[in-house]
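Structural description and commentary
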Amino acid sequence: MTVLPADSHVHSEWSWDCGSDPASAGSMARTCERAVRIGLPAVVFTEHLDFEDAWRVEDGDIGEHAQKYVDATGHVRLPPFDADGYLEAIDRCRHRHPGLRILTGVEFGQPHLRDAQAASLLSSGVIDRVNGSLHVLPFEDGNRSEPTTLFRYRPAEEVMRAYLEEIPRMVAGSDSFVVLTHIDYAVRYWPVEAEGPFDPRRFEDDFRAAMRALADSGRVLEMNTRRLWPWLPQWWREEGGRAVSFGSDAHGADGLAAGFPEATAMLEWFGFRAGSRPEDFWTR
């Protein structure tokens, strides 16, 4: 039986988009309990590390549970990441589950713009894994917005290309992250009713350029299992990508390691192999 890799993209109550929901209290503990039940050998809690101060949203764009973070001007005002509380929770879970590998981590938003603000935490030695994420793009009047908002105002093709063109700038502008998460993030909000199903071939050159920049930097591409796209590992391999991580992007225990058996089988087919430890990147 194949041993599953670590789920290296997991959120708990210490992420703002989980912690704003009262039902999320204790989700780190529940996620660890589920990992033990399903035989997952390791989990990396990569909580959101966001410093955006000009993030503009429209009604409903951020989700009902996080609406309390939106001020009267439509700007998102996030609470600071409680690193001390998070680390204490990690220690409690490690003590409770000594047979489970529990690693620390962050999902660092827009690192090429925010490295200075994260430097103290990331240089402290307490964070095992830094995932880099691109969530927001320039909008207007100095604001930035997520694709879900931008698709309301701009042609879908323009938004997709802007997202993918920002990735090489993010790679060139920051050394603080090791893994690029959900390169297909903007596709989550693709306006299917207006545009029809998303066709990656329309943006193949853009995806490949983003992957090539990441591969040339020696970094790692996440296989985000919310969507299992076979073209993604194929293009990554063809553009020189050597390593992948696996991440469910779970925001609760039920989503832990979702799609991992299928994802690992797919990556094995493309020639990627497991490392000696469950948290190691798969390489070829």
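Let me sum up the structure you'll find in this document. (Residues numbered from 1 in each chain as written. Predicted model: local features only at pLDDT ≥ 70, side-chain atom pairs only at ≥ 80, totals over all residues. Heavy atoms only, no water.)

Brief notes about the overall build of the chain
Along its length, the chain carries 10 helices and 10 strands. Relative to its length of 284 residues, the chain is compact, with a C-alpha radius of gyration of 18 Å against a globular reference of 19 Å. Residues classed as buried in the chain amount to 55% of the 284 residues present. Carbon together with sulfur atoms contributes 50% to the accessible area of the chain, which is approximately 12,400 Å² in total. In the chain, 30 positive and 46 negative side-chain charges are present, and the distance between their average locations comes to 4 Å. (Helix = DSSP H or I, 4+ residues; strand = E, 2+ residues; numbered from the N terminus. Rg over C-alpha atoms; globule rule 2.2 N^0.38 Å. Buried < 20%, exposed > 50% of the residue type's maximum accessible area, 1.4 Å probe, protein only. Areas by Shrake-Rupley, 256 points an atom, 1.4 Å probe, with all protein chains shown as cover. Lys, Arg positive; Asp, Glu negative; His and termini not counted. Charge placed at Lys NZ, Arg CZ, Asp CG, Glu CD.)

Concerning the pattern of salt bridges
In this structure the tally under the stated criterion is 21 salt bridges. The closest approach of N and O atoms between E157 and R161, which form a salt bridge, is 3.0 Å. With a gap of 4 residues between them, E157 and R161 both fall in helix α6 (residues 156-173), about one helical turn apart. Among the residues examined, R161 registers a relative accessible area of 23% and is labelled partly exposed. Each of E157, R161, E195, R202 and D206 takes part in salt bridges that share partners, so that together they form one network. (Salt bridge = Lys/Arg side-chain N within 4 Å of Asp/Glu carboxyl O.)

Concerning the packing of helix α8 (residues 204-216) against helix α9 (residues 231-238)
At a minimum axis distance of 9 Å, the contact between α8 and α9 shows a crossing angle of 55°. As judged from the angle between their axes, α8 and α9 are oblique. Regarding α8 and α9, the two cross each other, and that crossing is right-handed. Along the contact surface, α8 presents E204, F207, R208, M211, L214 and A215, while α9 presents W231, L232, W235, W236 and E238. By residue class, the composition of the contact of α8 with α9 is 8 nonpolar, no polar and 3 charged. (Axes fitted to C-alpha atoms, helices over the stretch in contact; angles between N-to-C directions. Parallel < 35°, antiparallel > 145°, perpendicular 65-115°, else oblique. Left-handed = near helix turned anticlockwise from the far one by under 90°. Contact = heavy atoms within 4.5 Å. Nonpolar A, V, L, I, M, F, W, Y, C, P; charged D, E, K, R; others polar.)

What to know about the state of the cysteines
Across all of its chains, the model carries 0 disulfides by this definition. This cysteine, C18, is not joined by any disulfide, and C32 carries the nearest cysteine sulfur, 14 Å off. A relative accessible area of 3% means that C18 is categorised as buried. Of the cysteine sulfurs around C32, a residue in no disulfide, the closest is that of C93, at 3.9 Å. (Disulfide = S-S within 2.5 Å.)

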